[in-house]
Amino acid sequence: VQDIAALLQNPASLDANEILDMLNEVSDKRISTKLLKSSQLGLRVNQLRKHAAAPVAALARTCVRRWKEGVRQEALRKSAPRVRIDVAYGGATELVRRRARRMFRQALSVGALTASAPRSRCDDLDLDMADDP
């Protein structure tokens, strides 16, 4: 990218086809705001929007439009607030956790279901929650 920006510093010395090749090379790339500023590629391509060759001007406009949208998206990502979810943890939560653990232990102790142990064994699980310690 830096090489192309350097070559585009003096576009009058380049053929329109050479400029098109360079623009095609960078047009599909996602270029960060930092790189656009440091290489001055955005400025150079923006100047090409008024190029005498219509295809060069059109592709330069497309590049600038894409990069502007990319810069906007990058700014939105950076400015988006981070969502923090506070989870309340108390006696009721602990009670539900203990019940769930007990149910899992009981379910796992039933063992693998086989032809001799039909699914009806799941009915044998003690799921009464009223007698929790």
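Up top you'll find the structure we're talking about.
Let us look at the structure shown here. Keep in mind the model is a prediction, meaning the values are calculated, not measured.

Conventions we followed
- What you see as residue numbers is a count from 1 along each chain, following the sequence as written.
- Totals for whole chains, interfaces and linings use every residue, but because this is a predicted model, local features are given only for residues with pLDDT of at least 70 and side-chain atom pairs only at 80 or more, for both listing and counting.
- Hydrogens and water molecules were not included; the side-chain quantities draw on all heavy atoms of the structure.
- Under the scheme used here, helices are H or I runs from DSSP no shorter than 4 residues and strands are E runs no shorter than 2 residues, and both carry numbers assigned from the N terminus.
- Partly exposed residues are those whose accessible area sits between 20% and 50% of the maximum for their type, while under 20% is buried and over 50% is exposed, using a 1.4 Å probe and protein chains only.
- Note that accessible areas follow from Shrake-Rupley with a 1.4 Å probe, and for residues the cover is restricted to the protein chains shown.
- In these notes, a set of buried Ala, Val, Leu, Ile, Met, Phe, Trp, Tyr and Cys residues joined through side-chain atoms within 4.5 Å is what counts as a nonpolar core.
- Pairs of residues are marked as contacts when any of their non-hydrogen atoms sit within 4.5 Å.
- Should a side-chain nitrogen of Lys or Arg be within 4 Å of a carboxyl oxygen of Asp or Glu, the pair is scored as a salt bridge.

## Here we look at the overall build of the protein
Okay, so step 1: From N to C terminus, the protein includes 6 helices and 0 strands.
Okay, so step 2: Scanning the protein from its N terminus toward the C terminus, one meets helices and strands in the order α-α-α-α-α-α.
Okay, so step 3: Counting only residues that meet the buried cut, the protein has 23% of its 133 residues in that class.
Okay, so step 4: In the form shown here, the protein has an accessible surface area of approximately 10,000 Å², with 55% of it arising from carbon and sulfur atoms.

## Looking at the nonpolar core
Okay, so step 1: Judged by nonpolar contacts, the single largest core of 20 residues is most densely connected at L8, I19, L23, L41, V45, L48 and W67.
Okay, so step 2: Of all the secondary-structure elements, those providing two or more residues to this core are α1 (2-7), α2 (16-27), α4 (41-47) and α5 (54-79).
Okay, so step 3: Looking at which element gives the most residues to this core, the answer is α5, with 6 residues.
Okay, so step 4: For L41, the contacting residues outside a window of four places in its chain are V1, I4, A5, L8, V26, I31, L36 and W67.

## Side note on the pattern of salt bridges
Okay, so step 1: In this structure the tally under the stated criterion is 5 salt bridges.
Okay, so step 2: The shortest N-O distance in the salt bridge between D28 and R66 comes to 3.1 Å. Taken together, the residues D28 in the loop between α2 and α3 (33-39) and R66 in helix α5 connect sequence positions 38 residues apart.
Okay, so step 3: In this structure, R101 engages E94 in a salt bridge whose closest nitrogen and oxygen atoms are separated by 3.8 Å.

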